[in-house]
Amino acid sequence: MTASSSASKPISTESLENAAKNIDSALQSDRQYSELDALLRNARHAGGTLTGMTDGDYPSLSSQGLASVPLIGPVRHVPLPAELSEQFAHVQCNCFMGLLPTIQRGWVTIDTEIYFWNYETGGDLAYYEGLAEVVLSVGLVVPKPGVFQPHIKFLLVVCTASEVVVLGVTFESEGDDQYALMHLQPNPLFSLSSDGINMVQVRGTPEGRIFLAGANGHLYELQYQSYLSWFGKRCKLVNQSSSYFSFLVPSALRFGENDPIVQIEYDQTRQLLYTRSDNGSIYVYDLAEDGQGISSVCSISQDAILSEAVRAANNPHGLDSSNFKPLVSICPIKKSESVSLALLGVTSSGVRLYFSINAASLGGRYSSLSLAHIRMPPGFAPNGPPQRPLNVHLANLARGNVQMCMSQNDSIDVVWSISPDTFGITSSLQETSITTAIEGRVWALEESPEPCLFEAKVAGTRTLPPTIVCQHVKPVQRTILLTSQGTFILTSLRPVDQLLHLLESSNGMDTEAIANFYKLHSEKEGCATALILTCNSVGTDHLIASSAARSFFKFGGEPTLRSGTLSNASVGQTSNHSLLASSNTTMLNTSQSRDPAQLGGAIMPNEVVYSGKHAGICLYFARLLAPLWDGKLVEDNQTPHLISRFTCDDLAWFTEQLSGLKSFLDDYAPLSLSELPTDSPHRAGPTGGRVQAEALERNSVLQLRLLVQYSVEALELWRELCEYQFHLVAERLPANIKEDLCRTTFRDLVVSGKQITVALINALMERYFGDSNLTDALSARLREICPNLYGAADLKTTKANELLQSAKHQTNKTEQTSMLHKSLELFKQVTVNIDLAGICNQFASVGFYEGIVELCLATAAEQDNQNLAVHLTHTGEDVGEQLLVARRHCYTCITNTLNNLLAMSQGASGIHNNTGVKVSSAAEAEKQLTTMLDFCYLSTDEVFHVFLYEWLIGNGLVNRLLAIKSSYLEPYLRRAAKQPDNLQILDIMWKYYEKEKNYSAAARILAKLADRDREGDSFSLWDRIDYISRAILCAKACTTSLNNEGEFLHELEDKMDVAQLQLNIYSSLEQMTSNPAAQAALSDLNRLIDISTLYSDYAEKFNLAESQLAIIHCAGHHDPLLVQKLWRELLSQEINSTQHLPQVSVMSSLRNKILLLGNIYQAAEKFFPTQFIVQQLEVISCKSGWDQGWVVDTMLQIPTSHSHLHSTYTSLLQMKLPCWEQLGAPYHLHIVMSLLLTSYVSHLNNVPLLERKPILSEIQDVIDAHVVDLQASVSAGSDITSALSRFKALQASFNKY
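These lines cover the structure that appears in this document, whether it is placed above or below. Just so it is clear, the model here is predicted, and its values are computed rather than measured. (Residues numbered from 1 in each chain as written. Predicted model: local features only at pLDDT ≥ 70, side-chain atom pairs only at ≥ 80, totals over all residues. Heavy atoms only, no water.)

What follows is about the overall build of the protein chain. Counting secondary structure elements, the protein chain contains 45 helices and 32 strands. Split into buried and exposed, the 1297 residues of the protein chain put 52% on the buried side. Across the protein chain, contacts joining residues at least 24 apart in sequence account for 63% of those joining residues at least 6 apart. (Helix = DSSP H or I, 4+ residues; strand = E, 2+ residues; numbered from the N terminus. Buried < 20%, exposed > 50% of the residue type's maximum accessible area, 1.4 Å probe, protein only. Contact = heavy atoms within 4.5 Å.)

To continue, consider the pattern of salt bridges. This structure, assessed with the given rule, holds 40 salt bridges. A salt bridge links glutamate 431 to arginine 352; its shortest N-O distance comes to 2.8 Å. Taken together, the residues glutamate 431 in the loop between β26 (412-419) and β27 (432-439) and arginine 352 in strand β22 (residues 352-359) connect sequence positions 79 residues apart. For the salt bridge of aspartate 941 with arginine 887, the shortest nitrogen-to-oxygen distance reads 2.9 Å. Of the two residues, aspartate 941 is situated in the loop between α26 (922-937) and α27 (942-954) and arginine 887 in helix α25 (residues 881-905); the sequence distance between them amounts to 54 residues. The two residues aspartate 941 and arginine 887 agree in class, both being buried. Residues joined by salt bridges that share partners form a network here, namely Asp57, Arg352, Arg375 and Glu431. (Salt bridge = Lys/Arg side-chain N within 4 Å of Asp/Glu carboxyl O.)

A separate point is a negative patch on the surface. A surface patch of like charges, here negative, comprises Glu1047, Glu1051, Glu1053, Asp1054 and Asp1057. Since its relative accessible area comes to 39%, aspartate 1057 is described here as partly exposed. (Patch = residues over 30% accessible without salt bridge, like charges linked within 9 Å, V, L, I, M, F, W, Y side chains within 5 Å. Areas by Shrake-Rupley, 256 points an atom, 1.4 Å probe, with all protein chains shown as cover. Lys, Arg positive; Asp, Glu negative; His and termini not counted. Charge placed at Lys NZ, Arg CZ, Asp CG, Glu CD.)

With antiparallel pairing, the 4 strands of this open sheet are ordered in space as β24-β25-β26-β27. In this open sheet, the two strands that pair with only one neighbour each are β24 (392-398) and β27. Direction aside, neighbouring strands of the sheet carry axes that sit 20 degrees apart on average. When β24 meets strand β25 (residues 401-407), the two strands line up antiparallel, connected through 6 bridges. Within β25, the residue paired with asparagine 396 across the bridge is glutamine 403. (Pairing = 2+ DSSP bridges. Axes fitted to C-alpha atoms, helices over the stretch in contact; angles between N-to-C directions.)

So, about helix α37 (residues 1120-1138). In a regular helix each residue adds 1.5 Å, so 19 residues correspond to 27 Å; α37 covers 27 Å between its end C-alpha atoms and thus fits that length. Contact partners of the buried residues in α37: α35 (1091-1099), α36 (1105-1115), α38 (1143-1161) and α39 (1170-1184). (Expected span 1.5 Å × (residues − 1).)

With 169 residues, the main nonpolar core has Phe843, Ile894, Leu1069, Trp1127 and Tyr1209 as its most contacted residues. Counting residues per element, this core draws most heavily on helix α33 (residues 1043-1071), which supplies 11 residues. Non-local contacts of leucine 1069, meaning those with residues more than four positions away in its chain, are made with Ala1078, Gln1079, Ala1081, Leu1082, Leu1085, Tyr1098, Phe1102 and Leu1104. Of all hydrophobic cores here, the second largest spans 95 residues; its members include Leu16, Ala26, Leu706 and Leu721. (Core = buried A, V, L, I, M, F, W, Y, C linked by side-chain atoms within 4.5 Å.)

A few words on the sheet that holds strand β6 (residues 126-128). Overall, antiparallel pairing links the 4 strands, which are arranged β3-β4-β5-β6 in an open sheet. The open sheet has two edge strands with one neighbour each: β3 (95-100) and β6. For this sheet, the mean angle separating the axes of adjacent strands, direction not counted, is 20 degrees. The pairing of strand β4 (residues 105-110) with strand β5 (residues 113-118) spans 6 bridges and is antiparallel. Looking at the pairing, valine 108 lines up with tyrosine 115 of β5.

Okay, the environment of alanine 1003 next. Among the structural elements, alanine 1003 can be located in helix α31 (residues 999-1011). Spatially, the C-alpha atoms of alanine 1003 and cysteine 1034 are 5.3 Å apart, while their sequence positions differ by 31 residues. Sequence-distant contacts of alanine 1003, that is, excluding residues within four places in its chain, are made with Ala1031, Cys1034, Ala1035 and Phe1048.

The next point concerns the packing of aromatic side chains. Ring pairs (aromatic) are described by centroid distance and by the angle formed between their planes. Under the criterion given, the structure shown has 28 aromatic pairs. Each ring, one from tyrosine 891 and one from phenylalanine 947, has its centre 5.5 Å from the other, and the planes form 50 degrees; the classification is tilted. Taken together, the residues tyrosine 891 in helix α25 and phenylalanine 947 in helix α27 connect sequence positions 56 residues apart. On the basis of relative accessible area, tyrosine 891 is assigned to the buried category, the value being 0%. Given the relative accessible area of 11%, phenylalanine 947 is considered buried. Members of the aromatic cluster, each reached through a chain of ring pairs, are Phe552, Phe553, Phe664 and Tyr668. A cation over an aromatic ring shows up here: arginine 388 above the ring of phenylalanine 380, its NZ or CZ 3.8 Å from the ring centre. Of note, arginine 1004 hangs over the ring of phenylalanine 1048, and the distance from its end group to the ring centre comes to 4.4 Å. (Phe/Tyr/Trp six-rings, centres within 6.5 Å; stacked < 30°, edge-to-face > 60°. Lys NZ or Arg CZ within 6 Å of the ring centre and 35° of its normal.)

Spelled out as structure tokens, the structure:
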């Protein structure tokens, strides 16, 4: 498929997701492998911890038709340099030899001289002869950082019988070989006495520490530094295996004494150091997590190991215990190979003893070493080969493969190679074994240091997977053996190497051995292995690649449908297509293949069982991208910069490997079934079920091809970003994209990461805006390497961004505006592919608010080109909900800018301006806010208007909202008012109608607000009264004269009257602070209550006489007895409430109350019974000893007419109530009458003469009657005298008239 055609076709994200799910499943399957400990546990039998006793532990390949499959490659022999061989004739005392695999050198000591040579080539012979004594051991270690000059790459530690010498090692590089030529510094860096202790082995650590094995059974460390210390010394030997208290331990228990240490091993993954003594005892030292400490963990003797092995074996076969001793070699097991098993011990019989290191419960990291499992060597199974390892003297463990050197005779050693690699992923440990004869005795056995590509990223937190899973990145394992005849290099073959051998030996024929290879590993594993050879363009012969492809098709199986899943639906043109045909068929043009999303509609994908070919493709893809597929793309650290997890070289390797798979799929995926050769299993013609299965599988493979293509493009893009310094590009990303990128995996980027890829490309382009030549070249490069990720729309985006950046630096305002509008038009053409928020921020930085509004609205319209969101806005239905969300997301970019302008216009400090807004003052911000809102108001997007109205309301800008002249506002308010939580909207709505002079609608909304009673409302009674008051004003302002408007106004006025009564009750209850019931009732009174409830549940309940009187007055309820009762209680309550005050204050308070109520009720005698009130007041006045004219003065102030009062008092006198006698003032009313008449007479001075005379005549008659009545009284006293004198004085005054 060409770049242009693929870029022009819309790609279904669903297709990518479907393919990605297949990769997820394959990856998950690969990660289900068992670790070494579990493999051993699953293989054990007879209840013990011993394996290797059954045929299944060492399966025979011959029985499976794979006798011709090699387990190791041809042994490569590199003889010793001729000059070195000649030196052996001059040996006088001792000759030792060993390997330095780090620098590909072997070494030989001949008495006092040391020789080095390149064991790979047999060249670069070098020697050192500056020693006076016989050399006992040699070791190469890494120097501590900062101690020596940078050109010293290694330290060579040479031990003689009396001293330890440290030499500097330098190298000259040639091409890629950095260790091509070796040079030893002539002068030692350090030289110190060994105190007569023979050091028989040297072992270094990556931290630069140097450990020495003493022949006295102690472990020593050569400590050195760059400055003088230790009393002027720069280096010294420290005994690390003895403590200050070792002399307290009996010598019989110190089994390390006089037991020479013969082997030191270091486990960098656990920071543990192991030593093995000549008697087979193991010592464990903990170097601490940082590798800088040291402490003794434990030790275990050979006898203890033997005892534990015999007990652990628990076997019914009667194994001789001699098989478990002596221990001849120990090999650390890396944490990447087993989490629980830490050490492997090998006995002279080839028995493997697996030890686990136990965690400490108190202090320290580790506490003890214990035997966890015993693995018998080949030859112990009932039907196994008769050969067994004997006289093993050397062993090595590397990535699960074990090599053991067995002394057969003085001139021949036999190497046993035991490996689990051939059997792939298994539930129990299964191994192959092979023996190889080596000329001479093997003196050194080392693994060639060739680390697995992406080893750390493949392993993660688990152990390394089986070889079959990582063989595409795992190099061939090479073991170096050193004898007096030279070096012998053994190569352990991976499954892919074995398949390669079978293909090479088949001469292009489909042999039975190849078929058995697919059976041994399963079809999918065989296909995945074949793809390594087929897709690897480097290092694979074309004929071999073709043969591997042929075996892929021949033995990869076919898809099938599960029982009962046949469908009558037609699969159309896909019925003639198979997944993949054999390699010699005619390829079809890839442009004729159909879109994967259009295929296989008749059968659900889960109804087909895919073939091994399909599974093999998924496995191969998953394994290639395993280090990055579901891992994060950027480093998970706290640095301010985003750092790519993978380098350009890493990405180049991924791209190259995946490109091979892409080419394979491009070539073979669309082949048709009809073009299969006659010897194909399909020659009889496919059944209907097979046709459907083939169609579905072909559809899935096309989706996989799509995923591979997109993955290659994503890798190419990421590499391009790294080439241009990824961290600098990432700095330009918006904050939200950065956050997303930190969480994004490669899978996410390929399947659904369009937004991130667009942002990354934009950020890359922004780095070089202003240099059109460079940006054009970069655009062309991106179009070439990732046409689906950077298409024509992306090119327009780049141009638009370039215009925008240029405009930001343009000083000519006219030119700047022109460039901004051009940029806007380009952005509007590609709204789907832009970083809307980022562009809006840049528009805001130059004050291009019109562009922000236009671009956001255009993007929103593109998201919903059928305008379904408007329907949802009107109806509230679910149709178009996602579209509505998408549109509102676009609108948010507008409101983000408005938010910042609003905050700045209000003078807020510390505003987090993330929208690019730049203003110099609050006034300028206010001006720009108004300008941008004016652009918003011009929009014809109804959905946006709704969003804008919500923003205005949410920010308290109701006045701005009400100032909008829009046909969308009233419908919005009507719809919003129907929502449950509509209080704010109703409050805005009546203001809107009032502004529009629709007073009738405003009044009704206000009335509705006054009556509103919903949970969560915070209305107070005063608020409701305010709403009613406003409603009354609006109703009165209504110009219509319809009857219902008048009735509505009357209802409002009645409601106001009741509300006022309710307010009085509220005030009264509020003063009853000591009454909990009254306080509890206050909350209920914040809602409007009908008048009957007010009376019964509040006024009457809480004995509020005044409120009761007001309620019956408002209701027009006439009940004289009730009125008198209420007045009696009212007066009594008033007196009681002021009784603690001075008399003057009590009189004043009561008078004020009477005056207040009199003004209210005087016009209605039935609610203001004057005679009853006067009687009650006179009784109070008389009882309290108040001034006798107080009641009259009070009533006159209401005002009550003199004539009415005269009639009232006359009636009271005529009633002759006994209360006056009881109060001891029988003539109290006479005196009050005299005072009233006196006031009455004075008042008549203002009455015209003609009107005055009849009144005076009547008064005179009354006075005369009172005088006669008083004179006739039988009692005498001051009251009568006082009353008579008053009346007589009045009589005298009448003589003037």
